[in-house]
There are 2 protein chains.
Amino acid sequence: MPYFDHNATSPLSPVAREAWLRAQDELWQNPSSPTRAAARVRNALEAAREKLAALIDARPEQIVFNSGATEGASAVMAWLARAAAPGAHIALNPAEHPCVLESAGRFFANRIRWLPAAVSASEWETENLKSQISGAAAVAVMAANNETGFIHPWREIAAACRDARVPYLCDATQWLGKLPGSGLAQSADWLIASAHKFGGPKGVGFVKIADQAESFDSHAGGAQEHGHRGGTENYPAIAAMVAALEDAEARRMHLETERLRWRAGFERAIVQTIPGTQIVGQNLPPEERLWNTVTLLMPREDNTRWVAQLDKRGFQVSTGSACATGKGGPSHVLAAMRVPPDAAPRAIRVSSSWETSREDWQTLATAFAEAAQALHAP
Amino acid sequence: MPYFDHNATSPLSPVAREAWLRAQDELWQNPSSPTRAAARVRNALEAAREKLAALIDARPEQIVFNSGATEGASAVMAWLARAAAPGAHIALNPAEHPCVLESAGRFFANRIRWLPAAVSASEWETENLKSQISGAAAVAVMAANNETGFIHPWREIAAACRDARVPYLCDATQWLGKLPGSGLAQSADWLIASAHKFGGPKGVGFVKIADQAESFDSHAGGAQEHGHRGGTENYPAIAAMVAALEDAEARRMHLETERLRWRAGFERAIVQTIPGTQIVGQNLPPEERLWNTVTLLMPREDNTRWVAQLDKRGFQVSTGSACATGKGGPSHVLAAMRVPPDAAPRAIRVSSSWETSREDWQTLATAFAEAAQALHAP
């Protein structure tokens, strides 16, 4: 499938579709109703919670199902701001997703302290960073970046936060389904994620809540989700989300090395056929960028022209984060990664899935070469 | 189908299922992506917004898609509290859904003024009520009650609010799909609703926002929903919701009189075969209760025993609001309707759908008679 915009969204996976339809047929009742059919839905919902928890090493009662990572970011930031010592700051990775940045802006206003971008594992042990996070209401650093694929060393960040006794919020939206979820919940106090990035339906996701966060909620209302989120539980979508993640975890994770090779082949081909093309993060070891993501800085022409040329040829790629579209201005992520402002409008994000074949990568490279020719032609 | 708990949730309607699957196959891309496929989703999303707006006489730009009425209530209350004059109160119908009551409690705390329950159309013109709502930050009265089916005279409430220059928030969750949506958006400044109550999927709904509410949002994040709600739009669920509501509006609304007759037949049968049974709101004209809802006060035995007996016979009914389950205590709605506290534990809610046949009502009455016998047997 010549679709290379998986970091924006993926099509529904077959297992998720099947789980959703089965739930709509057999387990559609309101879990709070007093009938036996409703009790079956209630049990299935708690079984889904247990399965999801097991995939990320959480306890089931730490999982709160919601509508996705944006709702999650907002609810977690609101809770952190309420729980914080007066005047406490939040320490933020400047390349976070807009949902984390905007929520932090709303609830912490001028109490944001910016961390350096793309901090390596060893740097999380330096005194400089320790002083940055000391006394913070929270530290927010995503597991993997949506625009560049850059992987943040969440285990080391978690250790530094633990030492500093500061809660760690980790946006795992781009990580889950692409790399193993095991250990995530034990490292990060708070996790947020969206199902549609890993083959689940849109409009569903979850928060893993911290210990001692009994008063956390997404919005007031009924006693659903153990009091953490009012509103009728969307069991069909939850079942589909868990099915998609279980499938990815069970069948895919061992393929990472191969996929890194395929991407490397693509990168070599592009740099050879379109001289002057740069790869954001090209100096990093390849496995420090998600195996599915490449952000290219083309040597000339606005990214929109490249996207249109590729689109004509049946290849869907992106100019960057879909969630940042409509906000205008250059990418804050690329700025944080020190991409010069004049180069940012030439950035193209290519993001694959487990279903993407080696041949797909090869034909995409060919399409890029054709696009380059078309853009040079008079 | 012997399912009589539609006010808790309905199964997915065939048109909604078809619309959802079609969207998952053909229009699953992220509407914010820069490709032609994404532009098609964007256009389809705006077309869905126009269709939904037309069904309730709103303008498309007043429609904000979200995860349902609970998210809606929370976001609207937060906005109203921010926009209110310092110290301004909110005037609340005491029989509102928990999502409205709890959100009001959170954002208005001790600035809640309780309206009398079940106010008739003419009473909304009295000086007493005018003084209750005068100077309020908002008035919240649902269109139809989820537990009793009681219909609030929203046109008259809207007129009274307009005269008092107070915003009117109307929870239309139980109204939509059961009675015509036309005129709703012109009457109420704010509307909230959930798709799964009218045959759409769970986890999707909408807010109709007031004029001059440009700063309204559900949560911070990307610029989606014209800036009113961050997060990837759930187009498949939105398409399914709109399909379900269009279907109900186009094919069903003329059937109300017939359905009122079928319910009346059921009510007569129950009162005859189980003497002492009372119907909540029995003194009202039948059309002032939603045609699909009956709340019965059984002459003896806890409602849970009746529900279990009926469940055994294949009939799903409810003890009341699913969203209030787990909160404990007697129903606040029945208390507001002056049902004595000792009678409330004997309340059973029966709620049908357009698919419920006359025969379904008749067999339910028979099942009640059998349940009564079983409960009397030694």
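Bear in mind the structure is a predicted one, so any value in this text is a computation, not a measurement.

(A) Local environment of the environment of Thr356 of chain A. All names here are of chain A. Looking at the secondary structure, you find Thr356 in the loop between strand E10 (347-351) and helix H12 (358-376). For the pair Thr356 and Trp262, spaced 94 residues apart in sequence, the C-alpha separation works out to 9.8 Å. Discounting residues that sit within four places of it in the chain, Thr356 has contacts with Phe4, His6, Arg259, Trp262 and Trp361. Polar contacts involving the side chain of Thr356 include one to the main-chain amide nitrogen of Ser353, which spans 2.8 Å.

(B) Spotlight on the relation of the copies chain A and chain B. With an axial shift of 0.0 Å and an RMSD of 0.0 Å, the rotation relating chain A to chain B amounts to 180 degrees. Viewed as a symmetry operation, the transformation between the two copies matches a two-fold axis. The share of interface residues of chain A whose copies in chain B are also at the interface is 100%, consistent with both copies meeting through the same surface.

(C) Just the packing of helix H1 (residues 14-26) of chain A against helix H8 (residues 235-251) of chain A, in detail. Residues and elements named next belong to chain A. Where H1 contacts H8, the two axes come as close as 8 Å, and the packing angle between them is 150 degrees. Of the possible angle classes, the one that applies to H1 and H8 is roughly antiparallel. Of the two possible hands of crossing, H1 and H8 adopt the one that is right-handed. Residues Val15, Ala16, Ala19, Trp20, Ala23 and Gln24 of H1 touch H8, and the partners they reach there are Tyr235, Pro236, Ala237, Ala239, Ala240, Ala243, Ala244 and Asp247. Per-class residue counts for the contact of H1 with H8 are 12 nonpolar, 1 polar and 1 charged.

(D) Spatial organisation of the interface of chain A and chain B. Each partner contributes residues to the interface: chain A has 60 residues there, and chain B has 60 residues. Summed over both partners, the interface of chain A with chain B comes to about 4,900 Å²; 56% of that surface belongs to carbon and sulfur atoms. Counting the contacts that link chain A with chain B gives 18 residue pairs in polar contact (both at pLDDT 80 or more). Those elements that provide at least two residues to the side of chain A that touches chain B are H1, helix H2 (36-55), helix H3 (69-83), helix H4 (98-108) and helix H10 (303-312) of chain A. The class makeup of the residues in the side of chain A that touches chain B is 18 nonpolar, 27 polar and 15 charged.

(E) Representation of the packing of aromatic side chains in the model. Residue and element names in this part refer to chain A. The tally for this structure, following the rule as stated, stands at 19 aromatic pairs over all chains. Aromatic side chains Phe266 and Trp361 sit 5.0 Å apart centroid to centroid with 50 degrees between the ring planes, which places their arrangement in the tilted category. Remark: Trp361 occurs in helix H12 and Phe266 occurs in helix H9 (residues 256-273); sequence separation between them is 95 residues. What makes Phe266 buried here is its relative accessible area of 2%. Judged by its relative accessible area of 3%, Trp361 falls in the buried class. What links up through ring pairs into an aromatic cluster is the set Phe4, Phe266, Trp306, Trp361 and Phe368. Above the ring of Trp154, the side-chain terminus of Arg155 is found at 4.1 Å from the ring centroid.

(F) Geometry of the sheet that holds strand E1 (residues 63-66) of chain A. All names here are of chain A. One open sheet accounts for 7 strands, arranged E1-E7-E6-E5-E4-E2-E3; its pairing is mixed. Strand pairing shows two members of the sheet lacking a second neighbour, E1 and strand E3 (112-114), which therefore form its edges. Here the strands of the sheet are splayed against their neighbours by 20 degrees on average, with no regard to which way each runs. As paired strands, strand E2 (residues 90-92) and E3 are joined by 3 bridges and run parallel to one another. Opposite Leu92, over in E3, you have Trp114 as the bridge partner. The strands touched by helix H6 (residues 154-164) within the sheet are strand E4 (138-140) and strand E5 (168-171), with E5 carrying the most contacts at an inclination of about 160 degrees.

(G) Highlighting the environment of Ile56 of chain B. All names here are of chain B. Looking at the secondary structure, you find Ile56 in helix H2 (residues 36-56). Residues Ile56 and Leu191 lie 135 residues apart in sequence; the distance between their C-alpha atoms is 10.0 Å. Those residues in contact with Ile56 that lie beyond four places of it in its chain are Ile63, Leu176, Gly181, Ser182, Gly183, Leu184, Ala185, Gln186, Leu191, Phe206 and Lys208.

(H) Layout of the domain arrangement of chain A. Residue and element names in this part refer to chain A. For chain A, the assigned domains read domain 1 (14-250) and domain 2 (253-375). The interface is formed by 24 residues belonging to domain 1 together with 25 residues belonging to domain 2. Together domain 1 and domain 2 conceal approximately 2,100 Å² of surface at their shared face, both sides included; 64% is due to carbon and sulfur atoms. Area buried by domain 1 at its contact with domain 2 is led by Glu147, Thr148 and Lys178, which between them contribute 34% of it. At the junction of domain 1 and domain 2, the tally comes to 0 salt bridges.

(I) Focus on helix H4 (residues 98-108) of chain B. For H4 of chain B, every residue scored as buried is listed here: Pro98, Cys99, Val100, Leu101, Ser103, Ala104 and Phe108 of chain B. Directly after H4 of chain B, the chain includes Ala109 of chain B, whose backbone phi takes a positive value near 45 degrees.

(J) Region of interest: the pairing of strand E6 (residues 190-194) of chain B. Residue and element names in this part refer to chain B. Burial runs high along E6: 5 of the 5 residues are buried. Neither face of E6 is open: one carries Trp190, Ile192 and Ser194, the other Leu191 and Ala193, and all of them are buried. Note that strand E5 (residues 168-171) and E6 share 3 bridges and pair parallel. Along E6, the bridge assignment pairs Cys170 with Leu191. Taken together, the 4 bridges between E6 and strand E7 (residues 205-208) define a ladder with antiparallel strand orientation. Residue pairing for E7: Leu191 is matched across the bridge by Lys208.

Here is what the cut-offs are and how they apply
Residues numbered from 1 in each chain as written. Chains lettered and ligands numbered in written order. Predicted model: local features only at pLDDT ≥ 70, side-chain atom pairs only at ≥ 80, totals over all residues. Heavy atoms only, no water. Helix = DSSP H or I, 4+ residues; strand = E, 2+ residues; numbered from the N terminus. Contact = heavy atoms within 4.5 Å. Polar contact = N/O pair within 3.5 Å; in protein donor to acceptor, adjacent residues only side chain to side chain. Least-squares fit on C-alpha atoms with pLDDT ≥ 70 in both. Axes fitted to C-alpha atoms, helices over the stretch in contact; angles between N-to-C directions. Parallel < 35°, antiparallel > 145°, perpendicular 65-115°, else oblique. Left-handed = near helix turned anticlockwise from the far one by under 90°. Nonpolar A, V, L, I, M, F, W, Y, C, P; charged D, E, K, R; others polar. Buried area = accessible area lost by both parts, 1.4 Å probe. Phe/Tyr/Trp six-rings, centres within 6.5 Å; stacked < 30°, edge-to-face > 60°. Buried < 20%, exposed > 50% of the residue type's maximum accessible area, 1.4 Å probe, protein only. Lys NZ or Arg CZ within 6 Å of the ring centre and 35° of its normal. Pairing = 2+ DSSP bridges. Domains from an automatic or database assignment. Salt bridge = Lys/Arg side-chain N within 4 Å of Asp/Glu carboxyl O.

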